[in-house]
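Breakdown of the fold
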Amino acid sequence: MKKYHLVRRSGQSIKRLLIYYLIGITISMGIGAVLLWSLGINPFEYYGRMLTIGMVGNKYAYKNVEGLLKILVPLLITSLALGLSFKMRFWNIGGEGEFLIGAISAAIVAFNVTGLPRPLTILLMCIAAMLSSGLLGLAVAFFKVRFNTNETLVTLMLNYIMLYLITYLGKTKEDWNFFLDPKSARPIFGKFPESAIMDGIKIGNFNLLWSVIIAVALIIFIYIYLKYTKHGYEISVVGDSAATAKYAGMKVSRIIMRTMFISSAMIGLAAGLTASASGTISETVTNNVGWTGIVVAWLGKLSVPAIAVTSVLIAILQFGCKTAATKYPSIDSNFADLLQGIILFSVLTADFCATFTLKKKEDAKK
Amino acid sequence: MIDVITLFLFSIVVYNIPLLYGTAGEIMIEKSGSLNLGVEGTMAIGAVAGYLAGMRSGSLLVACLVSFAAAGLVGAVFSFLTVTLQANQNVTGLTITTFGVAFYYFIGNAVSNSPSKWPALGGSRLDQQFAPIEIPLLSKIPVIGKTFFSHTVLIYLGIIIAIVMWFYFEKTVPGLKLRAIGENPGAADSLGVNITLYKYIHIIIGSGIMGIGGLYMALNMGGTFEGSNCWINGYGWISIALVIFANWSPAKAILGTFIFGFFNTLRVQNAPLATAFPNTLGWLTKIPAQFFSALPFIITLIVLLISSVRKNNNSCEPSAIGRNYYREDR
């Protein structure tokens, strides 16, 4: 017979968790360093360049911060949104699809509503994006609560349907297709009119986009929403046990549908802001935030502050690898994904070590 | 005209058999109650490892074994994380996909930039072994002979794997036990089935099968590494859809592969068909390619919705899918 068995540790210690995480991340960076070294790249130089996102000795360092923020904002909002649905154990992996439909809706407004002042146009774009994404999420939630349809698989299918929809819009040269650049013979997505492109606050040369400010406000709002409101409490009860929630007289179906609407609408908002900030859309407008957001939400243990910190770190990892890749020809920006994968594997292991412990069988019997 | 039809049917089989590998592998994993969203990444790792090993050794058998082993190793990581460490299956699977595709680019770039360069398939010993095998007599039947009986060994192998797997699930005791784990792990555990062992073995074998599918993809696409496009090209995701469409049956997966393959081939070959039959099939060129690409996902979505609305009892979706089993959690 086995002498040892696994037991859940009683009580979560944040300190222990952080130490285990740190060990895990260090080991992954070590593996990454070995990989870099095997390519003949000095890992310290590479990591140094990556972690400082190429700002050291760069006259245009503020440009790099702007670039980092452009990656960060959609990732942050999407991760927060996905975390909201994961809290109810609702496996919405449809961030990509919800983001894409939001971006398409924002573009419809941007191309067709002209002559309005800029803030109003962008507001309309965001509302359109939030409504379309929110309704898509609501539909998935409806099927889940009414017919117990597998939400993971449904949202997965929707991701690809939306991807091919936007590809279709970007590749079809027809008279009705207002998404395309009319001047180009080759089908490419057109540039939004000036009034639909987001501006920001100038701080010296640095341009702080409004989307960054909105994202920060959203972090605070969601934190309060989850921690201090009735809705937030309901979400956590449903996540712990739907049966308990039902017994306590909560309308579980309504809570799930409402939360999914909010969660998807937030992803729509991320899409609207991203489209407006970049002034156009494309098949790669999501920058994979729908997928990465799932990992970020999970790494952040579905806690709002932790998700915020994790998304900053992942954004630095991605943007840093991108800037570092320009220096080293033998490696491309996909190295970020490789490293991200290794980090997640080791953090999942660290997570396990922090929650479980080995105990001798005899001890358990007593 | 008959040539156009033959080529069309032939293309369905030749370009879409990786779907069968991916689907069969995923069915095996899902039958054990695990949802592995890492098909795309597992296939990518199997492809790149198998291809490079095959080019170095000059043997298709070695290529297959290495891609099976490499992808199986990925399956072992997935099992370790989700079965032993109780990690979330969705997150682990998605990470395997990101990791696997990134691994493909990493190895591809590293080898391409090395002094020995990326090995080219054309004219190599591996390429010769990947030549079609004409089955005597059967391959002489018009249309059908070319479509079904003049293929490379990996195509026959894929179909054999699916049939053997069907037999394994339906007619053998371990297959029955596996299905029990997927339906109700608690009950299977109480009957003395070693759940951990069963899950590990089947996840590893299922992943290995996906890996061979990836290798086929690499060989069929001429084995050239492009820095911007992964060989697997979304086939892993279509495989996940196909599992649902095939209702978790490896036998139906063969049929499903040809149905999804039919749409896929329509996208590629709409022009020759429209030219050969201008009156009846002329409309084909008017349908956007993206519609055909999206069709597998649209059909699967409809299947998912309808079968849940009708509370379809015929659905063979394993009840415990996606949830980890921890004995002391009951």
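Within each chain, residue numbers correspond to sequence positions counted from 1 in written order. Whichever chain is written first is A, and whichever ligand is written first is 1; the rest continue in order. pLDDT decides what is reported in this predicted model: residues at 70 or higher carry local features, side-chain atom pairs at 80 or more are listed and counted, and totals for whole chains, interfaces and linings draw on all residues regardless. Hydrogen atoms and water are omitted, and side-chain values are computed over all heavy atoms in the structure.

**Focus: the overall build of chain B**
- A helix here means a DSSP run of H or I that spans at least four residues, while a strand means a run of E at least two residues long, and both kinds are numbered starting from the N terminus. Helix and strand counts for chain B stand at 14 helices and 2 strands.
- Here the C-alpha radius of gyration of chain B, 20 Å, is about what a compact globule of 330 residues would show, namely 20 Å.
- If you line up chain B on its principal axes, its C-alpha atoms span 65 × 55 × 40 Å.
- Looking at chain B as a whole, 58% of its 330 residues qualify as buried.
- Contact between two residues is taken to exist if any of their heavy atoms lie within 4.5 Å; hydrogens are not considered. Taking as baseline every contact in chain B between residues at least 6 positions apart, the subset at least 24 positions apart corresponds to 78%.
- Per element, the accessible surface of chain B, about 13,400 Å² overall, is 67% carbon and sulfur.
- A gap of 3 Å separates the mean positions of the 18 positive and 13 negative side-chain charges of chain B. Just to be clear, the radius of gyration here is over C-alpha atoms, and the globule rule we use is 2.2 Å times residues to the power 0.38. For each residue, the accessible area found with a 1.4 Å probe, counting protein chains only, is set against the maximum for its type, and the residue is called buried under 20%, exposed over 50%, and partly exposed in between. Method for areas: the Shrake-Rupley scheme with a 1.4 Å probe, in which residue coverage is limited to the protein chains shown. Within this scheme the basic residues Lys and Arg register as positive and the acidic residues Asp and Glu register as negative, but His and the chain ends are omitted. All charge positions are set by atom: Lys at NZ, Arg at CZ, Asp at CG, Glu at CD.

**Thoughts on the overall build of chain A**
- Secondary structure summary: chain A contains 14 helices and 4 strands in total.
- Relative to the compact-globule value of 21 Å for 366 residues, chain A shows a C-alpha radius of gyration of 23 Å, a close match.
- With 366 residues in all, chain A has 54% of them scored as buried.
- Look at the contacts in chain A between residues 6 or more apart in sequence, and 74% of them connect residues 24 or more apart.
- Carbon and sulfur atoms form 66% of the exposed surface of chain A, whose accessible area is close to 17,200 Å².
- Of the charged side chains in chain A, 35 are positive and 18 negative; the average position of the first set lies 10 Å away from that of the second.

**Some points on the interface of chain A and chain B**
- Each side of the interface is counted separately: chain A has 45 residues, and chain B has 47 residues.
- With both chains or domains summed, chain A and chain B bury close to 4,100 Å², and 78% of this area falls on carbon and sulfur atoms.
- Accessible area that two parts lose when put together, evaluated with a 1.4 Å probe and summed over both, is termed the buried area. Ranking the residues of chain A by area buried against chain B places Met157, Tyr164 and Phe345 of chain A at the top, with a combined share of 15%.
- Salt bridge, as applied in this entry: a Lys or Arg side-chain nitrogen positioned within 4 Å of an Asp or Glu carboxyl oxygen. The interface formed by chain A and chain B holds 0 salt bridges in total.
- Here a polar contact is taken to be a pair of N or O atoms separated by no more than 3.5 Å, where protein atoms must pair a possible hydrogen donor with a possible acceptor and residues adjacent in sequence count only if both atoms sit in side chains. Where chain A packs against chain B, one counts 4 residue pairs in polar contact (both at pLDDT 80 or more).
- The set of elements that each furnish at least two residues to the side of chain A that touches chain B consists of strand E1 (4-8), helix H5 (118-147), helix H6 (151-171), helix H11 (289-299) and helix H13 (335-355) of chain A.
- A total of 12 residues in the side of chain A that touches chain B trace back to one element, the largest contributor, which is H6 of chain A.
- In this count, Pro and Cys sit with the nonpolar residues alongside Ala, Val, Leu, Ile, Met, Phe, Trp and Tyr, while Asp, Glu, Lys and Arg are called charged and the others, Gly among them, polar. The residue inventory of the side of chain A that touches chain B, partitioned by class, reads 31 nonpolar, 9 polar and 5 charged.

**A look at the pattern of salt bridges**
Residues and elements named next belong to chain A.
- All told, the structure shown has 6 salt bridges over all chains when counted by the stated rule.
- Notably, a salt bridge pairs aspartate 199 with arginine 118, separated by 3.2 Å at the nearest N-O pair. Within this pair, whereas aspartate 199 is found in the loop between H6 and strand E2 (200-203), its partner arginine 118 is found in helix H5, the two being separated by 81 residues in sequence.
- For arginine 118, a relative accessible area of 25% gives the class partly exposed.
- One salt bridge connects aspartate 351 with lysine 301, and the closest N-O pair in it is separated by 3.0 Å. You can see aspartate 351 sitting in helix H13 and its partner lysine 301 sitting in the loop between H11 and helix H12 (304-325), a full 50 residues away along the chain.
- For aspartate 351, a relative accessible area of 16% puts it in the buried group.

**Quick notes on the packing of H11 of chain A against helix H4 (residues 89-113) of chain B**
- Lines are fitted to the C-alpha atoms to define the axes, a helix being fitted only along its stretch in contact, and any angle between axes, read from their N-to-C directions, falls within 0 to 180 degrees. Contact geometry for H11 of chain A and H4 of chain B: axes closest at 10 Å, N-to-C directions at 130°. In terms of orientation, H11 of chain A lies oblique with respect to H4 of chain B. H11 of chain A and H4 of chain B meet at a crossing whose hand is left-handed. Where H11 of chain A abuts H4 of chain B, its residues Trp291, Ile294, Val295 and Trp298 of chain A lie against Val91, Leu94 and Thr95 of chain B.
- Counted by class, the contact of H11 of chain A with H4 of chain B contains 6 nonpolar, 1 polar and no charged residues. With respect to orientation, any angle under 35 degrees is reported as roughly parallel, any angle over 145 as roughly antiparallel, any angle of 65 to 115 as roughly perpendicular, and every other angle as oblique. In a left-handed crossing the near helix is turned counterclockwise from the far helix by less than a right angle, and in a right-handed crossing that turn is clockwise.

**Some thoughts on the pairing of E1 of chain A**
All names here are of chain A.
- Side chains His5 and Val7 project from E1 onto a buried face, and the interleaved Tyr4, Leu6 and Arg8 project onto a face without burial.
- The pairing criterion is simple: DSSP has to find at least two bridges between the two strands. Pairing of E1 with strand E4 (residues 356-360), which is carried by 5 bridges, proceeds in the antiparallel orientation. Bridged to arginine 8 within E4 is phenylalanine 356.

**Some thoughts on the domain arrangement of chain A**
Residue and element names in this part refer to chain A.
- Boundary definitions for the domains trace back to an automatic or database domain assignment. Assigned domains within chain A: domain 1 (1-41 + 328-366) and domain 2 (63-323).
- Using C-alpha coordinates to define each centre, domain 1 is positioned 30 Å away from domain 2.
- In this complex, domain 1 contributes 13 residues to the contact, which on the side of domain 2 involves 10 residues.
- Surface buried jointly by domain 1 and domain 2 totals about 950 Å² across both partners, of which 72% is contributed by carbon and sulfur atoms.
- Among the residues domain 1 hides against domain 2, the three largest losses belong to Ala336, Gln340 and Leu344. Together they make up 45% of the total.
- Across the contact surface, domain 1 and domain 2 share 1 salt bridge.
- The tally of links between domain 1 and domain 2 comes to 2 residue pairs in polar contact (both at pLDDT 80 or more).
- Elements with a contribution of two residues or more to the side of domain 1 that touches domain 2: helix H1 (14-38) and H13.
- Among the elements that take part in the side of domain 1 that touches domain 2, H13 stands out by supplying 9 residues, more than any other.

**Overview of the packing of helix H3 (residues 61-87) of chain A against helix H10 (residues 252-278) of chain A**
Residues and elements named next belong to chain A.
- The geometry of H3 relative to H10 is characterised by a closest axis approach of 8 Å and an angle of 175° between their N-to-C directions. Classified by the angle their axes make, H3 and H10 are roughly antiparallel. Contact residues: Lys70, Pro74, Ile77, Thr78, Leu80, Ala81, Leu82, Leu84 and Ser85 in H3; Thr259, Met260, Ile262, Ser263, Met266, Ile267, Ala270, Leu273, Thr274 and Ala277 in H10.
- For the contact of H3 with H10, the class distribution of residues is 13 nonpolar, 5 polar and 1 charged.

**Let's talk about the packing of aromatic side chains**
- Only rings of Phe, Tyr and Trp enter the pairing, Trp through its six-membered ring, and a pair is recorded when the two centres are within 6.5 Å. The plane angle decides the type: under 30 degrees is stacked, over 60 is edge-to-face, the rest tilted. Counted under the stated rule, the structure contains 38 aromatic pairs over all chains.
- Residues phenylalanine 143 of chain A and phenylalanine 147 of chain A carry aromatic rings whose centres are separated by 5.8 Å and whose planes lie at 40° to one another, so their mutual orientation is tilted. One end of the pair, phenylalanine 143 of chain A, and the other, phenylalanine 147 of chain A, are both in helix H5, 4 residues apart, so they sit about a helical turn from each other.
- Using a relative accessible area of 23% as the deciding quantity, one classes phenylalanine 143 of chain A as partly exposed.
- Pairing phenylalanine 335 of chain A with phenylalanine 106 of chain B gives two aromatic rings, centres 6.1 Å apart and planes at 35°, and the pair type is tilted. Of this pair, phenylalanine 335 of chain A sits in helix H13 while phenylalanine 106 of chain B sits in helix H4, on two different chains.

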